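# Coordinate inspection notes
Chain residues, written in single-letter form:
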Amino acid sequence: MIVPILVRSERMLERVGVSRRWAALATVTVCGFGVWVPGAWAASSASYFTALSGQMTIARYGAAAAPLPDGQVLIAGGENGSGPQSSAEVFDPTTGTFAATGSMTYARYGAVAAPLPDGDVLIAGGASSGAYLTSAEVYDPANGTFKTVGSMTTPRAFAVAASLPDGQVLIAGGANLTGPLSSAEVFDPATGMFTALSAQMTTARKGAVAAPLSDGNVLIAGGDSSSGTVLQSAEEFDPATGTFTALSAQMTVARYGAVAAPLSDGNVLIAGGEDSSSSFVSSAEVFDPATGTFTATGSMTTTREGAAAAPLPDGQVLIAGGEGNTSGYLQSAEVFEPAPEASVTGGGFGDQTVAQPSMVQTLLVTNVGSQVLSIAGASLGGADPGDFAITSDSCAARRLAFEQSCTIQVQFTPSAAGARTATLSLQDNEPVPASITLSGNGVPANSGPAGTTGPAGATGPAGPRGARGRPGEILLVSCRTVIATIRRHGHRVKVRRYRCTSRHITGTVRFTTTGARARLVRGHVLYASGSIRHGRLMLHVRRGTRPGRYTLILTHRHGHRLITTHHTITIT
């Protein structure tokens, strides 16, 4: 569906009747990659941006970008002064080059893109030829082609998109004829359909940025509000509740038309855009979801607004195209190289007897930064360093590429009861070397809870045979059916009832089994049947019995054999 654009802002400039602010691009998300280790590593320990020698096949402003399963990046659409583009290209990080691929079914810029669970990429919305779009399409990297899918519920350009943990895609904000939007919807790749959400963003935003967080939430930041103010605020979408919540922290700079991408350590990079003074900026910052704060980092090699960005499999982030303050539409690209960062697991020892050494615990040290992590060694400090000992260190004098690991083994021997702590510090080239907290709790000897009951002892010898028990009983139960008339709800009704009488049988029957089937016969006629249960024989009369002699037949199982005994009894 195409909706005409009504030009009504003094900012509507030379760009196909759409203002520079309305032509910003939202960012995209991440999917799984294999690890690519480049041949050379930067020596700097701080995060920085590096310009690429390779350039896109054409300049693109407001293009959409998303990572592909093989580690490459799709960049599609945008515009460059000659109108909206339908062409697309792919960046190969192993060669640092861009190559053309198939074209979209619609020329569009200011669209959103997000990877899908099957490796395809969703492209949705945007603007084209003076109209806002609801149309969407999917790129298949296997054959390099695009195909159309269902349309969005609302035309929107310069929105944000992010993949959700369940495989769906969130699309929020943007703008159409009504101005900046706070509404949102989700795309379900299983059905190819879009569904509007009842919840809305806390603020209408066009030209904002978005990125998925490690807990499944989505960060949305910046953009342009309905009042034309460039925003510094941020919020999160929680897919578990379907709600948006404003963050108390704000970006270090108000940004419109910036880019964002998730980093391998769980943080989010936000870079470039247009600030509140309508100037394009090169500055960048990082959002830390663990603390909920934004922190400035290095600057891009050039100012960029309306660029495209996506994470790379080696922990870097590709940023391409956009528009610069003086250079116009950009064909250039650069990468963000996060500083080396040690991620450490382990360090908690729990309870341990005083003066007794614990089992050795292995700490796993992994580099989650794209730059090489150089580790000289490790040392102990803190409150109780004497209670802990490094028994083995495979990290000493190691250089770890992205996602490479090494181990340090530590043992805990508490010198006193109570909580004991220490700090294991790495001597490495991180901007702030890693410190790992070691903790354990000393407990006095023999102070633990009572142990479980031990196993039962061997069975003792059999005792003497007991006295003979009292004779068993044979109970003969006779039942008959009678028809009775009763009143029910004021009406006479006939009901069937059973009336039973019982009497004991005289005679002697000896049996040792606790369970058997029983039949009472005379001649070849069956008069009653029943069973022995718990030493009591009960028979149910099948036909009228008269005084006289009968045969009681008992049948029980002994191993794999059936044993049958006959007993003569008298009914008096």
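Our subject is the structure that appears above.
In short, a report on the structure. (Residues numbered from 1 in each chain as written. Predicted model: local features only at pLDDT ≥ 70, side-chain atom pairs only at ≥ 80, totals over all residues. Heavy atoms only, no water.)

## Regarding the layout of surface pockets
For clarity, the threshold we go by: Only protein atoms enter the 1 Å grid, on which a cavity is a set of points fitting a 1.4 Å probe that cannot get out and a pocket is an open set with protein on both sides within 12 Å along at least 5 of 7 lines, lining residues being those with an atom within 4 Å of a point. Grid points are joined across faces, edges and corners, and a volume is the space filled by probe spheres set on the points. Only DSSP runs of H or I reaching four residues or more are called helices, and only runs of E reaching two or more are called strands; each is numbered from the N terminus. For this scheme, ten residues count as nonpolar: Ala, Val, Leu, Ile, Met, Phe, Trp, Tyr, Cys and Pro. Four count as charged, namely Asp, Glu, Lys and Arg, and the remainder, Gly too, count as polar.
Approximately 510 Å³ is the volume found for the second largest pocket. Lining the second largest pocket are 21 residues, with Ser47, Asp265, Asn267, Val286 and Glu341 sitting closest to its centre. If you list the elements that add at least two residues to the lining of the second largest pocket, you get β25 (284-288) and β26 (293-297). With 4 residues, the single largest contributor to the lining of the second largest pocket is β26. Its residues placed into classes, the lining of the second largest pocket shows 10 nonpolar, 7 polar and 4 charged.

## Notes on the pattern of salt bridges
Rules: Criterion for a salt bridge: a side-chain nitrogen of Lys or Arg within 4 Å of a carboxyl oxygen of Asp or Glu. Partly exposed describes any residue whose relative accessible area lies between the buried limit of under 20% and the exposed limit of over 50%, with all areas from a 1.4 Å probe on protein chains only and scaled to the type maximum.
Taken as a whole and judged by the stated rule, the model has 8 salt bridges. The shortest N-O distance in the salt bridge between Arg60 and Glu89 comes to 2.8 Å. Highlighted residues: Arg60 in the loop between β2 (48-51) and β3 (64-67) and Glu89 in strand β5 (residues 88-92), separated in sequence by 29 residues. Side by side, Arg60 and Glu89 carry an identical accessibility label, which is buried. Between Glu285 and Arg255 there is a salt bridge; the shortest N-O distance is 2.9 Å. Highlighted residues: Glu285 in strand β25 and Arg255 in the loop between β22 (243-246) and β23 (259-262), separated in sequence by 30 residues. Here the two residues Glu285 and Arg255 agree in accessibility, since each one is buried.

## Observations regarding the packing of aromatic side chains
The condition is simple: Any Phe, Tyr or Trp ring, taking Trp's six-membered ring, that has another such ring centre within 6.5 Å forms a pair; planes under 30 degrees apart are called stacked, those over 60 apart edge-to-face, and the others tilted.
Counted under the stated rule, the structure contains 11 aromatic pairs. Look at Phe187 and Phe194: their rings are 4.8 Å apart centre to centre, the planes differ by 45 degrees, and that puts the pair in the tilted class. Look at Phe187 and you get buried, because its relative accessible area is 2%. Here Phe349 and Phe412 contribute two aromatic rings whose centre-to-centre distance is 5.7 Å and whose plane-to-plane angle is 45 degrees, an arrangement assigned as tilted.

Purely geometric stuff here, so don't read any function into it on its own.
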